[in-house]
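Reading the structure
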There are 2 protein chains.
Amino acid sequence: MDIGEIARRAGVSRSTVSYALTGNRPVSEATRRRIQTVIDELGFRPNAAARALKEGRTRTLGLVIPAAGRRLTDMQLGFVATVVEAAAGADFDVLLSPSGGDHDRSFERIVTGRRVDGVILMEIRLEDDRVSRLRRSGLPFVAIGRTRDTAGMWWVDIDYTALVSRCVHHLADLGHRHIALVNRSAELIAAGYGPGHRALAGFSEAVAERGVAGLDVCCGDDAPAGEACVERLRAEHPEVTALVSVNEAALPGIQRGLERAGLGIPRDFSVAGVAARHWAEDFRPPLTAADVPTHDMGARAVELLLEQVSTPTAYPRHLLHTPPISLRSSTGPAPRPAT
Amino acid sequence: MDIGEIARRAGVSRSTVSYALTGNRPVSEATRRRIQTVIDELGFRPNAAARALKEGRTRTLGLVIPAAGRRLTDMQLGFVATVVEAAAGADFDVLLSPSGGDHDRSFERIVTGRRVDGVILMEIRLEDDRVSRLRRSGLPFVAIGRTRDTAGMWWVDIDYTALVSRCVHHLADLGHRHIALVNRSAELIAAGYGPGHRALAGFSEAVAERGVAGLDVCCGDDAPAGEACVERLRAEHPEVTALVSVNEAALPGIQRGLERAGLGIPRDFSVAGVAARHWAEDFRPPLTAADVPTHDMGARAVELLLEQVSTPTAYPRHLLHTPPISLRSSTGPAPRPAT
DNA sequence: TTGTAGGCGTTATCAG
DNA sequence: CTGATAACGCCTACAA
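Residues numbered from 1 in each chain as written. Chains lettered and ligands numbered in written order. Predicted model: local features only at pLDDT ≥ 70, side-chain atom pairs only at ≥ 80, totals over all residues. Heavy atoms only, no water.

An unreviewed UniProt entry annotates chain A as LacI family DNA-binding transcriptional regulator originating from Dactylosporangium vinaceum.

In terms of helices and strands, chain A carries 14 helices and 12 strands. The buried share of chain A, taken over its 339 residues, is 54%. Partitioning the intrachain contacts of chain A with sequence separation of at least 6 by distance along the chain shows that 69% fall at a separation of at least 24. Looking at chain A as shown, the accessible area adds up to about 14500 Å², and 50% of this sits on carbon and sulfur atoms. Distance from the positive charge centre (41 side chains) to the negative charge centre (41 side chains) of chain A: 6 Å. (Helix = DSSP H or I, 4+ residues; strand = E, 2+ residues; numbered from the N terminus. Buried < 20%, exposed > 50% of the residue type's maximum accessible area, 1.4 Å probe, protein only. Contact = heavy atoms within 4.5 Å. Areas by Shrake-Rupley, 256 points an atom, 1.4 Å probe, with all protein chains shown as cover. Lys, Arg positive; Asp, Glu negative; His and termini not counted. Charge placed at Lys NZ, Arg CZ, Asp CG, Glu CD.)

The subject of this paragraph is the protein's contact with DNA strand D. Around DNA strand D, 28 residues are found, and the nearest of them are I3(A), R14(A), R51(A), T16(B) and R25(B). Taking all atoms of DNA strand D within 4 Å of the protein, the share assigned to sugar and phosphate is 51%. S13(B) is positioned with one of its backbone polar atoms (N or O) 2.9 Å from a phosphate oxygen of DNA strand D. Among the secondary structure elements, those contributing two or more residues to the surface near DNA strand D are helix 2 (14–22) and helix 4 (48–55) of chain A together with helix 2 (14–22) and helix 4 (48–55) of chain B. In terms of residue class, the surface near DNA strand D is built from 9 nonpolar, 11 polar and 8 charged. (Near = heavy atom within 4 Å. Polar contact = N/O pair within 3.5 Å; in protein donor to acceptor, adjacent residues only side chain to side chain. Nonpolar A, V, L, I, M, F, W, Y, C, P; charged D, E, K, R; others polar.)

Another point: the environment of S28(B). Residues and elements named next belong to chain B. With respect to the helices and strands, S28 occurs in the loop between helix 2 and helix 3 (29–42). With a relative accessible area of 43%, S28 lands in the partly exposed category. Taking the C-alpha atoms as reference, S28 lies 67 Å from A225; in sequence the two are 197 residues apart. For S28, the side chain forms a polar contact with the side chain of T31, separated by 2.8 Å.

Below, the discussion takes up the interface of chain B and chain A. Every contact between the two is made by 47 residues of chain B and, on the other side, 47 residues of chain A. Interface area, chain B with chain A, both sides summed: about 3900 Å², of which 53% is carbon and sulfur. Of all residues in chain B, R45(B), D93(B) and R109(B) give up the largest surface area on contact with chain A, accounting jointly for 15% of the area buried on that side. At the boundary of chain B with chain A, the tally comes to 10 salt bridges. A salt bridge links R109(B) to D91(A), with the shortest nitrogen-to-oxygen separation between them at 3.1 Å. For the pair chain B and chain A, the number of links is 22 residue pairs in polar contact (both at pLDDT 80 or more). Mapped onto the side of chain B that touches chain A, the elements with two or more residues apiece are helix 4, helix 5 (74–89), strand 2 (93–98), helix 6 (105–112), helix 11 (223–236), helix 12 (251–260) and helix 13 (277–282) of chain B. Take the side of chain B that touches chain A: its biggest share by element is 7 residues, from helix 5 of chain B. Class assignment of the residues belonging to the side of chain B that touches chain A gives a composition of 22 nonpolar, 9 polar and 16 charged. Direction of pairing for strand 2 (residues 93–98) of chain A relative to strand 2 of chain B: antiparallel, over a ladder of 3 bridges. Among the inter-strand pairings, L95(A) is bridged to a residue of strand 2 of chain B, identified as L95(B). (Buried area = accessible area lost by both parts, 1.4 Å probe. Salt bridge = Lys/Arg side-chain N within 4 Å of Asp/Glu carboxyl O. Pairing = 2+ DSSP bridges.)

It is worth spelling out the sheet that holds strand 12 (residues 325–326) of chain A at this point. Residue and element names in this part refer to chain A. What the 6 strands build is an open sheet, ordered 7-6-8-9-10-12; its pairing is mixed. At either margin of the open sheet sits one strand with a lone partner, and together these are strand 7 (213–217) and strand 12. Its contacts with the sheet put helix 10 (residues 194–210) on strand 6 (178–182) and strand 7, and the angle it makes with strand 7 is roughly 165°. Where helix 11 (residues 223–236) meets the sheet, its contacts fall on strand 6, strand 7 and strand 8 (242–245), and the angle it forms with strand 7 comes to roughly 145°. (Axes fitted to C-alpha atoms, helices over the stretch in contact; angles between N-to-C directions.)

All right, on to the pattern of salt bridges then. All told, the structure shown has 57 salt bridges over all chains when counted by the stated rule. Notably, a salt bridge pairs E55(A) with R57(A), separated by 3.9 Å at the nearest N-O pair. According to the relative accessible area criterion, R57(A) is partly exposed, its value standing at 32%. A salt bridge links R328(B) to D291(B), with the nearest nitrogen and oxygen atoms 2.6 Å apart. One end of the pair, R328(B), is in the segment after strand 12 (325–326); the other, D291(B), is in strand 10 (residues 288–291), with 37 residues separating them in the sequence. The network of salt bridges with shared partners includes D91(A), D93(A), R105(B), R109(B) and R115(B).

Before going further, it helps to spend a moment on the relation of the copies chain B and chain A. Superposing chain B onto chain A requires a rotation of 180° together with a translation of 0.0 Å along the rotation axis, leaving an RMSD of 0.1 Å. Such a turn and shift between the copies fits a two-fold axis. Most of the interface of chain B is mirrored in chain A, where 100% of its interface residues again form contacts. (Least-squares fit on C-alpha atoms with pLDDT ≥ 70 in both.)

A separate point is the layout of surface pockets. For the second largest pocket, the calculated volume is near 800 Å³. Surrounding the second largest pocket, 26 residues form its lining, I3(A), F44(A), R45(A), P46(A) and N47(A) being those nearest its centre. Those elements that place two or more of their residues in the lining of the second largest pocket are helix 2 and helix 4 of chain A together with helix 6 and helix 7 (129–137) of chain B. For the lining of the second largest pocket, the leading source of residues is helix 2 of chain A, giving 6 residues. Residues of the lining of the second largest pocket, tallied by class, amount to 9 nonpolar, 8 polar and 9 charged. (1 Å grid on protein atoms, 1.4 Å probe; cavity = no way out; pocket = protein on both sides within 12 Å on 5 of 7 lines; lining within 4 Å. Points joined across faces, edges and corners; volume = space filled by probe spheres on them.)

This is how it looks when you write it as structure tokens:
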């Protein structure tokens, strides 16, 4: 069934049906209604491929997610969900591309095959092949995260440097003199994952500024890793009395580790961090943390992308979120040394 | 840049380029190589829309996920990830469609607009509009889960009835006489969500069979709900000494609730359930549970769908998983009544 | 207000 | 072994 079928049944020409469909030309109320009736009757919808071919646009966005295999973190999932939702709100569909390392079949198919009007990129590294690839292709794209060199690039990101720095200052204000940073996994850091590096930068800087001792450790993205991490920390650096976590998935493990070590939060040990709200609220006691606005970020990324799609010459824009740190109850004065 | 450009540069006709690309007709090695060179040089890939229009297929699968807004559960996320991965393995892209109850613009777009060659449906209800819609459309589809009437339908599911029943038997064998079922949310049950109903069916049946007292409660898909659920359970039914959970996201809360109530697991209280492996292993102590093979199920769903796409006349197939219950350490003999 | 015709980039059927 | 050419279904000048 195609537009011709509708035209025949409605007794009009194909173009009239098309115009009735798109509204790109006035159609008399009478014929419009006749056409609509036939369409409803047959449940017709224009073929997306034909339309895309003719119009040169697909009304589809590509969403590049971290390569399959690794489980997505909650935060990443949050982005996926809100991107899809925001796109749907603009009547755009979302094509998923799991693309990890370098040249991925799916990525190439989507980009070079012109399957989408624009791309949203997740889990950006400081140097990222996909970004350069996309830059070359001329396909509009928005990064959730950013590369080292952001020239001419559209992106949405969280200011991990500032956020971690603030956490350190907060803890230092409370009298803590030995503070640890629980970062993301060693592999991610080694791969040049931006937030990991920026968190570390903010940490080092703040720690130096306050003249306190800073210790940074990598930690896998799950509870067991978090627990192991705390155990090691206690064993090797018992002087540490507070930690800042940018690894939300490790939080339950961190909590368990502290518990098992017999440390009360925040009486004996303070914890602060950056995490999606529900992680922070699930922590016991509720975590003093910068709540990552995944929802907003995903929606903004789509917004920027659609803007770029409709105005390819637009000047690059970006959004750097620095959500406030919500003071909950996981941080307190440093315990008196047990002299 | 199109196929004509390549043809010109390679000094051949457009059809030859096409044949070199698809392999649908022998092309002399010499010209094939010449064409390939030009293609590599220019980084050409055939336009997906044109190809879809001509071939009548899109090499894309639709994945219908629960409506945005609600956070996806870990299990659902697992399906998404493995479906995408499996599809990518077969050089298929995946188009996401968030379609909850009714307002399915995106769903309609994808189905009627012929944007995909087939659809995978998640979170199936016993009566499901999307299933009937898809049945009518003639578009191949596979459900992860199943409706009440599965006639002529392709699906992959977990046998919640059997699994929950086994858990109950296991607990009854251990001497528990008062067992609770922690089900999914009341809304989901009310909406006719299959697993919820089938879990309940298996529970009621097994409980009756063993002559033990059964109590079923609904519980939201998150930790706080799990904790609240346990609290209520303790307050209103202190005689209960064991529970079966089919709500993995509530598990951390269940654990916390039991802890706060001062109950040791499994000394004072036993817990069994159905959950993805990592949830079970994160439980303290590790949870005796049927490990839901999300990975396998997603991959199988894609397999079935591709089979159906390539052989539309194939006889409907389905897969009912009944993973074994892994005995870990969260279940033990019923405590002696405190007489 | 409506109809006619051409073309978007491919593939596949004819010829050669 | 290779070229011309006609569709695929839609949109949109151009004509009426």
